[in-house]
Amino acid sequence: MQDGNAATRQDGKGAGTHVRPQDRARGALYGLAIGDALGMPTQLLSRRQITDRWGPLLTGFEAAPDDHPIAAGLPAGTVTDDTEQAVLLARLIIGGRGLVDPGQLATALLGWEREMAARGSLDLLGPSTKRAIEAVAGGTPPAEAGSHGDTNGAAMRITPVGIAAAANNLPTLVDRVQQASIVTHNTSVALAGAAAVAAAVSAGIDGADVAAATAKAIAAARLAAGRGHWTAGADVAARIDWAASLVAEAGPRQAADVIYTLVGTSLATQESVPAAFAVLSAVPGDPWQACLLAASLGGDCDTIAAMAGAIGGACHGLAAFPPHAIETVDRNGLDLTPLADSLFKLRKS
């Protein structure tokens, strides 16, 4: 395992500066799926429940416990709604040549939930997305449906926007984030969180290390906080900065306890998004270890691990993940490589 401190350079470039941007794009999408699959069996559990069953930190993919509230019976390596909705969004971005029609996204999400329910899945739409999609189905215009969505559903699926849009023009990137989020999460808090993740992914693809990607995320979050409907909540940009500094000198085990106790791991955007950046600050040089740490936190840790994996994968590239991890998520049949490549082509167009 690479030493975390060795991975951060003062020029803001990742340790693997030889990694092709296209491989960083693949790393982002695979990192999302790997983190999500690692967090599948631990999501909604407490930190204590996780440590009692698996120890202080996970060491790999695990099957969901038989008594899990929503994932019981799922085999090790199964992805959840985080990855499936990101793939859904990626396909819409590719079909729209970089743009997303809010009405089409609403229709696609509704169809996805029906398909999941038909399969017997209990891992369905989150509260903000479900409320917005039901509103659209009832006749509310898509541009108005997300006016109360303040949870992390936009941030969890936003990685494809970060792959397709360059971070060197933050206002345009934030425009793309809002367009992809407006139907479900058109609030200041949710857009700030989604913009932070997208900007960090995009910066990583351009060669930024974790510290530089985090700085770009903070700038994007500040910009996006002025978009959408204002909603009460702690400032996402400030909390990312604080959370990352909180555990910068901590080892993974200490970081896990600090993040769980102080930063928070709920589905609130202002907790889960800063938690993902805190994870990366604690383990900046190894996205696989970052995903394991995130998945060990408890709470909405599949989403936290998905976001951390996407950003870490962008900063380090696909080869930073063990081959067995890539093979494991490939069993979900999502064709992530061609999706990432198609999204990356839009970045160049």
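Below, the structure is looked at part by part. (Residues numbered from 1 in each chain as written. Predicted model: local features only at pLDDT ≥ 70, side-chain atom pairs only at ≥ 80, totals over all residues. Heavy atoms only, no water.)

So, on to empty space enclosed by the protein. Taken as a whole and judged by the stated rule, the model has one cavity of 30 Å³ or more. Considering only enclosed or pocket space, the largest cavity measures out at about 40 Å³ in volume. Forming the walls of the largest cavity are Ile93, Gly98, Val100, Val161, Ala164, Ala165 and Arg176. The residue makeup of the lining of the largest cavity, split by class, is five nonpolar, one polar and one charged. (1 Å grid on protein atoms, 1.4 Å probe; cavity = no way out; pocket = protein on both sides within 12 Å on 5 of 7 lines; lining within 4 Å. Points joined across faces, edges and corners; volume = space filled by probe spheres on them. Nonpolar A, V, L, I, M, F, W, Y, C, P; charged D, E, K, R; others polar.)

This brings us to helix H3 (residues 81–95). If you check H3, its first and last C-alpha atoms are 21 Å apart, about what 15 residues at 1.5 Å a residue would give, namely 21 Å. Of all 15 residues that make up H3, 12 are buried, and the element is covered over most of its length. Those residues of H3 lying buried are Asp81, Asp82, Thr83, Glu84, Gln85, Ala86, Val87, Leu88, Leu89, Ala90, Leu92 and Ile93. Of the residues flanking the end of H3, it is Arg97, one or two places downstream, whose phi is positive at about 55 degrees. (Helix = DSSP H or I, 4+ residues; strand = E, 2+ residues; numbered from the N terminus. Expected span 1.5 Å × (residues − 1). Buried < 20%, exposed > 50% of the residue type's maximum accessible area, 1.4 Å probe, protein only.)

Glancing now at unusual backbone geometry. Notably, Leu44 is not glycine yet its phi reads approximately 75 degrees, a positive angle. Along the chain, the position of Leu44 falls in the loop between helix H1 (21–39) and helix H2 (47–54). A relative accessible area of 48% places Leu44 in the partly exposed class. Non-glycine residue Arg97 carries a positive phi angle of around 55 degrees.

With that out of the way, let us pick up helix H18 (residues 336–348). Counted at 1.5 Å a residue, the expected span for H18 with its 13 residues is 18 Å, and the 19 Å between its end C-alpha atoms agrees. Listing the buried residues of H18 in full gives Leu336, Leu339, Ala340, Asp341, Leu343, Phe344, Leu346 and Arg347. Looking at the buried residues of H18, the elements they touch are H1, H3, helix H8 (159–164) and helix H10 (188–205). (Contact = heavy atoms within 4.5 Å.)

Residues Ile34, Ile163, Val201, Ile259 and Val273 are the most contacted members of the largest nonpolar core, which totals 114 residues. Broken down by element, this core gets its largest block of residues, 13 residues, from H10. (Core = buried A, V, L, I, M, F, W, Y, C linked by side-chain atoms within 4.5 Å.)

Together, Trp242, Leu246 and Leu262 line one region of the surface with nonpolar side chains, adding up to about 260 Å² of accessible area. The topology assignment puts Leu262 in helix H13 (residues 252–263). (Patch = residues over 30% accessible without salt bridge, like charges linked within 9 Å, V, L, I, M, F, W, Y side chains within 5 Å. Areas by Shrake-Rupley, 256 points an atom, 1.4 Å probe, with all protein chains shown as cover. Salt bridge = Lys/Arg side-chain N within 4 Å of Asp/Glu carboxyl O.)

Turning our eyes to something else, we now look at the pattern of salt bridges. Going through the model one piece at a time under the given rule, you end up with nine salt bridges. In this structure, Arg227 and Asp175 form a salt bridge, with 2.9 Å as the shortest nitrogen-oxygen distance. With Arg227 in the loop between helix H11 (210–224) and helix H12 (236–246) and Asp175 in helix H9 (residues 170–181), the pair connects residues that are 52 residues apart, well separated along the chain. A residue is classified by how much of its surface remains accessible, and Asp175, at 41% relative accessible area, is partly exposed. Three or more residues are tied together by salt bridges with common partners; here these are Arg20, Asp23, Arg26 and Asp341.

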